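Below are the chains, spelled out letter by letter.
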Amino acid sequence: MMLTMLYEGKAKKVFATNNPQEVIIYFKDDATAFNGEKKDVFFDKGRVNLAFTRYFFELLHSHNIKTHIVSFIDDVSLKAQKVNIIPLEVVVRNYAAGSICRRLGFQKGLEFTPPLCEFYLKDDSLGDPILCREHIRYMNIIEEKELTEIEQTALSINKALFEHMDSFGVTLADFKLEFGKTTEGEIILADEISPDTCRFWIKGTMESLDKDVYREEKGDLISSYKKLANILGIKL
Ligand code: UDP
């Protein structure tokens, strides 16, 4: 059976199903960084990231967070509710790293208590710029109260993930979430949660078990992801 591809992103492909309310999301082996300027293919990355996404989304389901997941099909694809992706990247930071250090001069490793929640516009042609609430208001992306709801959900997700990772001796420095709107207008968590979208440090150090290994060329990416899976007891 030929599947109709609806969309291809940097790390995933989305296909239509017989049910107009559902899509199939396929995890590619491609890795990109710096707004697509750095690009490579890593054998097995799609399978590994899907295993992490399954692990984290199931954890969030146990915390009553609603996500787009319908079912897991095989080791590289899942079935999800079709949503309209809200064009915002929601980033939560517990410790300074990455763009906040480059842009604002924060020292890497500075702790943010309470955690910081930021919004970026999902627009590659503009380089995914950071937005303040007022920008979002004038862009008519979502309503003010929906933005507050997203922020609160992102901070609840942060609490659940941070505490969980901490119990395994891993520090969640920061991560990115995407939300989607269902046909009924409900906002739910979409996309993925994996070492591609989070910064994980071995507790007490800033040793990365995430995409910084690739961004900063600090070693073998897949070995680092597999090391993290092993710590968490995720069977690959
Ligand atoms: N992130 C992501 N996709 C993006 C941009 C960022 O998943 O397009 C994640 C990134 O992996 C990190 C967090 O969001 O865990 C914060 O990223 P940051 O703003 O520091 O940007 P970066 O250093 O990735 O350029």
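The preceding data block contains the structure.
Quantities reported herein were computed from a predicted structural model and do not represent experimental measurements.

Participant: Before we move on, could you go through a nonpolar patch on the surface and cite the residues and values that matter?
Facilitator: Judged by side-chain polarity, Leu104, Phe106 and Leu110 come together as a nonpolar surface patch covering roughly 260 Å² of accessible area. Residue position: Leu104 is located in helix α2 (residues 99–104). Taking relative accessible area as the criterion, Leu104 reaches 53% and is therefore assigned exposed.

Participant: Tell me what's going on with the packing of aromatic side chains, and back it up with residues and numbers.
Facilitator: This model, assessed by the stated rule, comprises six aromatic pairs. Seen from their ring centres, Phe52 and Phe56 are 6.2 Å apart, and the 15° between their planes marks the pair as stacked. Separated by four residues within a single helix, Phe52 and Phe56 lie in helix α1 (residues 45–61), roughly one turn from each other. You can call Phe56 buried: its relative accessible area is 1%. Both rings, one in Tyr55 and one in Phe56, keep their centres 5.4 Å apart while their planes meet at 75°; by these two values the pair is edge-to-face. Taken together through their ring pairs, the aromatic side chains of Phe52, Tyr55, Phe56 and Phe200 make up a single cluster. One cation-aromatic arrangement involves Lys38 over Tyr214; the distance from NZ or CZ to the ring centre is 4.6 Å.

Participant: I'd like to hear about the environment of Thr32, residue by residue, with values.
Facilitator: Considering the arrangement of structural elements, one finds Thr32 in strand β4 (residues 30–33). Excluding anything up to four places from it in sequence, Thr32 contacts Lys10, Lys38, Lys39, Lys211 and Tyr214.

Participant: Now, about the site of the ligand: what can you tell me, with residues and values included?
Facilitator: Close to the ligand lie 16 residues, the nearest being Arg93, Ser99, Asp174, Arg199 and Arg215. At 3.2 Å, a side-chain N or O of Glu89 approaches an oxygen atom of the ligand. Interatomic distance of 2.8 Å between a side-chain N/O atom of Arg102 and an oxygen atom of the ligand. For the ligand, the accessible surface in isolation is 500 Å², of which the surrounding protein chains cover 83%. Contributing elements (two or more residues each) for the shell around the ligand: β9 (88–95), α2, β12 (170–181) and β14 (198–202). Of the residues contributing to the shell around the ligand, the split by class is five nonpolar, three polar and eight charged.

Participant: How would you summarise the packing of α1 against helix α6 (residues 221–232) if you had to cite specific residues and measurements?
Facilitator: When two helices pack together, their arrangement is given by the angle between their axes and by how far apart the axes lie. Viewed as axis vectors pointing N to C, α1 and α6 meet at an angle of 30°, and their least axial separation amounts to 11 Å. With respect to α6, the element α1 is oriented roughly parallel. Seen along the crossing, α1 lies across α6 with a hand that is left-handed. In this structure, α1 contributes Lys45, Val48, Asn49, Phe52, Tyr55 and Phe56 to the contact, and α6 contributes Leu221, Ile222, Tyr225, Lys226, Leu228, Ala229 and Leu232. Taken together, the residues of the contact of α1 with α6 sort by class into ten nonpolar, one polar and two charged.

Participant: Describe the pairing of β9, with residues and values.
Facilitator: The buried count for β9 comes to eight of eight residues, which makes it a mostly enclosed element. Of the strand pairs in this sheet, β9 and strand β10 (residues 111–121) are connected by seven bridges, and their pairing is antiparallel. Looking at the pairing, Leu88 lines up with Leu121 of β10.

Participant: Can you break down the side chain of His164 residue by residue, with the values?
Facilitator: On the secondary structure map, His164 appears in helix α4 (residues 144–166). Among the polar contacts made by the side chain of His164, one reaches the side chain of Tyr55 at a distance of 2.6 Å. Filtering out sequence-adjacent residues up to four positions away, His164 remains in contact with Tyr55 and Leu59.

Participant: Tell me about α4, and name the residues and values.
Facilitator: Here α4 contains 23 residues, and its C-alpha end-to-end distance of 33 Å stays within 8% of the 33 Å for a straight helix at 1.5 Å per residue. Inspection of α4 places Glu146, Leu147, Ile150, Ala154, Ile157, Asn158, Ala160, Leu161, His164 and Met165 among the buried residues, and these make up the whole buried set.

Rules used throughout
- Residues numbered from 1 in each chain as written.
- Predicted model: local features only at pLDDT ≥ 70, side-chain atom pairs only at ≥ 80, totals over all residues.
- Heavy atoms only, no water.
- Patch = residues over 30% accessible without salt bridge, like charges linked within 9 Å, V, L, I, M, F, W, Y side chains within 5 Å.
- Areas by Shrake-Rupley, 256 points an atom, 1.4 Å probe, with all protein chains shown as cover.
- Salt bridge = Lys/Arg side-chain N within 4 Å of Asp/Glu carboxyl O.
- Helix = DSSP H or I, 4+ residues; strand = E, 2+ residues; numbered from the N terminus.
- Buried < 20%, exposed > 50% of the residue type's maximum accessible area, 1.4 Å probe, protein only.
- Phe/Tyr/Trp six-rings, centres within 6.5 Å; stacked < 30°, edge-to-face > 60°.
- Lys NZ or Arg CZ within 6 Å of the ring centre and 35° of its normal.
- Contact = heavy atoms within 4.5 Å.
- Near = heavy atom within 4 Å.
- Polar contact = N/O pair within 3.5 Å; in protein donor to acceptor, adjacent residues only side chain to side chain.
- Nonpolar A, V, L, I, M, F, W, Y, C, P; charged D, E, K, R; others polar.
- Axes fitted to C-alpha atoms, helices over the stretch in contact; angles between N-to-C directions.
- Parallel < 35°, antiparallel > 145°, perpendicular 65-115°, else oblique.
- Left-handed = near helix turned anticlockwise from the far one by under 90°.
- Pairing = 2+ DSSP bridges.
- Expected span 1.5 Å × (residues − 1).

These figures come from the coordinates and say nothing about function on their own.
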